[in-house]
Amino acid sequence: KMGWDSIQNYLSNIVFGILLFGMIIYWVSLLFLPGTTGFSKIGRIGSIIANLLLFFILCSRWIISGYFPLSNLYESLLFLTWTLLTIYLFIEFKTKSKLMGAILIPVALLINGFANLTLSADMQKASPLVPALQSNWLMMHVSMMMLSYAMLIMGSLLCILFLVISKYQEVDLQAIDKFYSPLYNVMVDYYEAKLFSPSDEFLELGKLKLLHSIDNWSYRIIGLGFPFLTVGIIAGGVWANEAWGSYWSWDPKETWALITWIIFATYLHSRITKGWEGKKTAILGSVGFFVIWICYLGVNFLGKGLHSYGWLS
């Protein structure tokens, strides 16, 4: 048993190293070699290896301890890192863009570092849940919540990126529909334009195209993450009712999950029915980014309520 704990710890540290390496490669590639994709491929291969190692760690924990590897904070952090890497690799595969890796690997690195370096060895051990909580609703609730966190973190990061690249200005995204080439291949164009084109309006077009793509992807990812969040919250309610006899008890985590839900519901509502896009929705999404982190980790620092697994005190 001890052997496994140290092997998992060791692998987890290797993942940290690979992610650090990958982040440096992506940033160098983005800043100094914008026209080429060869160099960032090394970073992508690194991410794939890290992803497989995390998958292995989670599966081995499941097999050895005999229950779903999401019973404590440490495991949920590893699972979140794994999910983020998986989604980013998928998007990068679709868009051929280096931007996703450049903004997402640092986040994965921070989560992984937090899990490995700040949580005590006791908190990293797999420990069975109290009998009241052992139910299939656990798997449903926790995995849905973690998947939604991963997608919403990613979508809201893109919103922040949108605000950074547009320098917080209003942007007319309608203008681009006149010229629009298919959605993929988009992000690379901007950098190539930046390198080879002296003309300003071509550069502006490249930037618009990039913003349009970021706007579009953030919408798609948040649109995908939101149903997971909804199902996760409902499953949590059903499970709470089974364990404690009430669907909702206004514990701090539940309250913040509700706030998260409302923010992203507003985001989707304003996009779908009001036809908002660009800056307005990007601001909403960016607020969502911070709210998710409060909901996921911030509440644990308070150490109150039913979600009291893994206190940091």
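Details of the structure are given in the entry above.
Residues numbered from 1 in each chain as written. Predicted model: local features only at pLDDT ≥ 70, side-chain atom pairs only at ≥ 80, totals over all residues. Heavy atoms only, no water.

Participant: Explain the overall build of the protein chain to me, please; I cannot follow it from the model alone.
Facilitator: Counting its secondary structure elements, the protein chain contains eleven helices and zero strands. Its helices and strands taken in sequence order, the protein chain reads α-α-α-α-α-α-α-α-α-α-α from the N to the C terminus. A burial count over the protein chain gives 51% of its 313 residues as buried. Long-range contacts, defined as pairs at least 24 residues apart, comprise 81% of the intrachain contacts of the protein chain with a sequence gap of at least 6. Working note: accessible area of the protein chain is about 14,600 Å², and carbon and sulfur atoms make up 72% of it. (Helix = DSSP H or I, 4+ residues; strand = E, 2+ residues; numbered from the N terminus. Buried < 20%, exposed > 50% of the residue type's maximum accessible area, 1.4 Å probe, protein only. Contact = heavy atoms within 4.5 Å. Areas by Shrake-Rupley, 256 points an atom, 1.4 Å probe, with all protein chains shown as cover.)

Participant: So what exactly am I meant to see when it comes to the environment of T230 here?
Facilitator: Note on placement: T230 falls in helix α9 (residues 200–244). With 31 residues separating them along the chain, T230 and W261 place their C-alpha atoms 7.4 Å apart.

Participant: Help me understand the nonpolar core, please; the structure alone is not making it clear to me.
Facilitator: Within soluble globular proteins, side chains that are nonpolar generally end up buried alongside one another. L80, L84, Y88, M154, W293 and Y296 are the most contacted members of the largest nonpolar core, which has 79 residues in total. Those elements that provide at least two residues to this core are α1 (2–32), α2 (38–65), α3 (73–95), α4 (99–118), α6 (136–165), α9, α10 (252–272) and α11 (279–302). Once residues lying within four places of it in the same chain are set aside, the contact partners of W293 are L80, V107, I111, I153 and G298. (Core = buried A, V, L, I, M, F, W, Y, C linked by side-chain atoms within 4.5 Å.)

Participant: Even after reading the chapter, I still don't get the packing of α3 against α6, so can you show me in this structure?
Facilitator: How two helices pack is summed up by the angle between their axes together with the distance between the axes. At a minimum axis distance of 9 Å, the contact between α3 and α6 shows a crossing angle of 50°. Considered as vectors, α3 and α6 are oriented oblique to each other. Considering the relative orientation of α3 and α6, their crossing is right-handed. Residues S76, F79, L80, T83, L84, I87, Y88 and I91 of α3 form the contact with α6, whose own contacting residues are S143, M146, L147, Y149, A150, M151, I153 and M154. Its residues placed into classes, the contact of α3 with α6 shows 13 nonpolar, three polar and no charged. (Axes fitted to C-alpha atoms, helices over the stretch in contact; angles between N-to-C directions. Parallel < 35°, antiparallel > 145°, perpendicular 65-115°, else oblique. Left-handed = near helix turned anticlockwise from the far one by under 90°. Nonpolar A, V, L, I, M, F, W, Y, C, P; charged D, E, K, R; others polar.)

Participant: For this particular structure, what's the right way to read the pattern of salt bridges?
Facilitator: Pairing is possible between side chains of opposite charge, provided their charged atoms come close. Evaluated as defined, the whole model comprises three salt bridges. Its salt-bridge partner being R44, residue E92 comes within 2.7 Å of it at the nearest N-O pair. Pair noted here: E92 is in helix α3 and R44 is in helix α2, with a separation of 48 residues, a long-range link. Taking the relative accessible area as the measure of exposure, R44 reaches 22% and is therefore partly exposed. (Salt bridge = Lys/Arg side-chain N within 4 Å of Asp/Glu carboxyl O.)

Participant: Please clarify how the environment of Y26 should be interpreted in this entry.
Facilitator: Mapping Y26 onto the fold places it in helix α1. Sequence separation of Y26 and A102 is 76 residues, and the distance between their C-alpha atoms is 5.3 Å. Dropping the residues within four chain positions of it, Y26 is found in contact with S40, G43, R44, Y88, E92, K98, G101, A102 and I105.

Participant: Which parts of the structure should I look at to understand the packing of α4 against α6?
Facilitator: The N-to-C vectors of α4 and α6 enclose an angle of 120°; their axes lie 11 Å apart at closest approach. Considered as vectors, α4 and α6 are oriented oblique to each other. When you trace α4 past α6, the crossing you get is right-handed. Here α4 contributes L99, M100, I103, L104 and V107 to the contact with α6, which in turn contributes I153, M154, L157, L158 and L161. Residue composition of the contact of α4 with α6, by class: ten nonpolar, no polar and no charged.

Participant: Before we go on, may I ask you to explain α2 in this structure?
Facilitator: Note: α-helices contain 3.6 residues per turn, so residues at a spacing of three or four share the same orientation. Between its terminal C-alpha atoms α2 stretches 41 Å, which fits the 40 Å expected from 28 residues at 1.5 Å a residue. Buried within α2 we find S40, G43, G46, S47, A50, N51, L53, L54, I57, L58, S60 and R61. (Expected span 1.5 Å × (residues − 1).)

Participant: Looking at this model, I keep getting lost on the packing of aromatic side chains. Mind explaining?
Facilitator: Geometrically, a pair of aromatic rings is defined through the distance of the ring centres and the angle of the planes. Enumeration over the complete set of coordinates arrives at eight aromatic pairs. When the centroid spacing of 5.9 Å and the interplanar angle of 40° are considered together, the rings of F79 and W82 count as tilted. Residue F79 and its partner W82 are located together in helix α3, separated by three residues, close to a single helical turn. Owing to a relative accessible area of 11%, F79 belongs among the buried residues under this scheme. Residues F289 and F290 carry aromatic rings whose centres are separated by 5.3 Å and whose planes lie at 85° to one another, so their mutual orientation is edge-to-face. (Phe/Tyr/Trp six-rings, centres within 6.5 Å; stacked < 30°, edge-to-face > 60°.)

Participant: What is the right way to look at the side chain of T83 in this model?
Facilitator: For T83, the location among the structural elements is in helix α3. Among the residues examined, T83 registers a relative accessible area of 4% and is labelled buried. Among the polar contacts listed, one links the side chain of T83 to the backbone oxygen of F79, at a separation of 2.6 Å. In contact with T83, other than residues within four places in its own chain, are L147 and A150. (Polar contact = N/O pair within 3.5 Å; in protein donor to acceptor, adjacent residues only side chain to side chain.)

Participant: Looking at this structure, I do not really get a nonpolar patch on the surface. What am I missing?
Facilitator: A cluster of nonpolar side chains, W4, I7, F56, W62, I63, I64 and M139, forms an exposed patch at the surface whose accessible area comes to about 630 Å². Mapped by element, the contributors of at least two residues to the nonpolar patch are α1 and α2. Broken down by element, the residue count for the nonpolar patch peaks at four residues, all from α2. Within the secondary structure layout, I7 lies in helix α1. (Patch = residues over 30% accessible without salt bridge, like charges linked within 9 Å, V, L, I, M, F, W, Y side chains within 5 Å.)

From the geometry alone we can't say anything about function, so treat these as descriptive.
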